Amino acid sequence: MADAVQILEDELGVRIPAGLDVLADDDLIALADLLRDAKGRQAQLLDEGVADSLNIVPRLMRGPVRKILFG
Amino acid sequence: MSLVQADVEISRLARLLGTGADELGYLRQVQWQDIRDLREQVTLVMFEADRQMLQRVASATRLLPSKLTATVGERAFGPLLSARVTGLLEPSRAVDIADRLPTTFLADLAEQLDPRRASRRSRAGATPPARRDGRLRRPPVRGRAEGGARRRRRRDAAANGLRRRVQGQP
């Protein structure tokens, strides 16, 4: 149980609500997996969105926009 | 009542996590207040993840006209990421961009907005609306393809709801 709680808390960055202690280890780990996957999907969507956005921005403006996005 | 509240919270959490409520059925054995607390923790994590890049995207939009920003949001980022970026924009700028987006896209975006920012703005005071009546500039599209008048009214209501939320109005 302690390991499963720790795995979920590592993903959340905070202690889980006390009432979740009724859940089985598998459920806690499933929640942690869902959260990790959601963060990964969001990061991937963002990478793809940034790349796609540069194709929509007019060529003249791409340089300044790219500089803000990537430094 | 608490079972209904639990189902509502499970649905909200499922949407945040990009999964179906059925996948989280095991949470029904947890008190709804604890599911709500978990959902708030997940909200925080998802809105803080990638914050640095999202902030850069929000900064880059200042270089672009609102119409072009709306096009980029709709075609490149989609409703989820556009909602994340919306939370980082000045409310007046967000409203100006929203006025140039299709209502269907706005309705999807509104579902993904950060509720914490909306409530903070609400406490801080409302920003003047872009238009006196606070409604869409764009008239509703006519035709069967749009799904009829009732559907258009629902979309417009969602869009105007978004406008109120980014302006911090109740």
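As a reminder, the structure under discussion sits directly above these lines.
Predicted model, so just to flag it, every value in this text is computed and none were measured.

Chemist: Quick rundown of the overall build of chain A? Include the residues and the values.
Modeler: Summing up its helical and strand segments, chain A has 3 helices and 0 strands in all. The C-alpha atoms of chain A give a radius of gyration of 19 Å, which is well past the 11 Å a tight globule of 71 residues would have. Sorting the 71 residues of chain A into buried and exposed places 38% on the buried side. Contacts in chain A between residues at least 24 apart in sequence constitute 26% of all its contacts with a sequence separation of at least 6. A total of about 4,000 Å² of accessible surface is found on chain A, and carbon and sulfur atoms cover 54% of it. Between the mean site of the 8 positive side-chain charges and the mean site of the 13 negative ones, chain A shows a separation of 19 Å.

Chemist: Break down the environment of B:Leu3 for me, with residues and values.
Modeler: Residue and element names in this part refer to chain B. As for its placement among the helices and strands, Leu3 is situated in helix α1 (residues 2-17). The class for Leu3 is partly exposed, based on a relative accessible area of 48%. Placed 52 residues apart in sequence, Leu3 and Gln55 show a C-alpha to C-alpha distance of 38 Å.

Chemist: Please set out the pattern of salt bridges residue by residue, giving values where relevant.
Modeler: All names here are of chain A. In this structure the tally under the stated criterion is 9 salt bridges over all chains. Measuring nitrogen to oxygen at the nearest pair gives 3.1 Å for the salt bridge that ties Glu11 to Arg36. With a gap of 25 residues between them, Glu11 in helix α1 (residues 2-12) and Arg36 in helix α2 (residues 25-56) connect regions that are remote in the sequence. A single salt-bridge network, built from bridges that share partners, covers Glu11, Asp33, Arg36 and Lys39.

Chemist: Which residues make up the interface of chain A and chain B, and what values go with them?
Modeler: Contacts between chain A and chain B engage 36 residues on the former and 35 residues on the latter. Three residues stand out in chain A for area buried against chain B, namely A:Gln42, A:Leu46 and A:Ile56, and they jointly supply 21% of the buried area on that side. The tally of links between chain A and chain B comes to 7 residue pairs in polar contact (both at pLDDT 80 or more). Taken together, the elements giving at least two residues each to the side of chain A that touches chain B come down to α1, α2 and α3 (59-70) of chain A. Among the residues making up the side of chain A that touches chain B, the classes are represented as 26 nonpolar, 4 polar and 6 charged.

Analysis parameters
- Residues numbered from 1 in each chain as written.
- Chains lettered and ligands numbered in written order.
- Predicted model: local features only at pLDDT ≥ 70, side-chain atom pairs only at ≥ 80, totals over all residues.
- Heavy atoms only, no water.
- Helix = DSSP H or I, 4+ residues; strand = E, 2+ residues; numbered from the N terminus.
- Rg over C-alpha atoms; globule rule 2.2 N^0.38 Å.
- Buried < 20%, exposed > 50% of the residue type's maximum accessible area, 1.4 Å probe, protein only.
- Contact = heavy atoms within 4.5 Å.
- Areas by Shrake-Rupley, 256 points an atom, 1.4 Å probe, with all protein chains shown as cover.
- Lys, Arg positive; Asp, Glu negative; His and termini not counted.
- Charge placed at Lys NZ, Arg CZ, Asp CG, Glu CD.
- Salt bridge = Lys/Arg side-chain N within 4 Å of Asp/Glu carboxyl O.
- Buried area = accessible area lost by both parts, 1.4 Å probe.
- Polar contact = N/O pair within 3.5 Å; in protein donor to acceptor, adjacent residues only side chain to side chain.
- Nonpolar A, V, L, I, M, F, W, Y, C, P; charged D, E, K, R; others polar.

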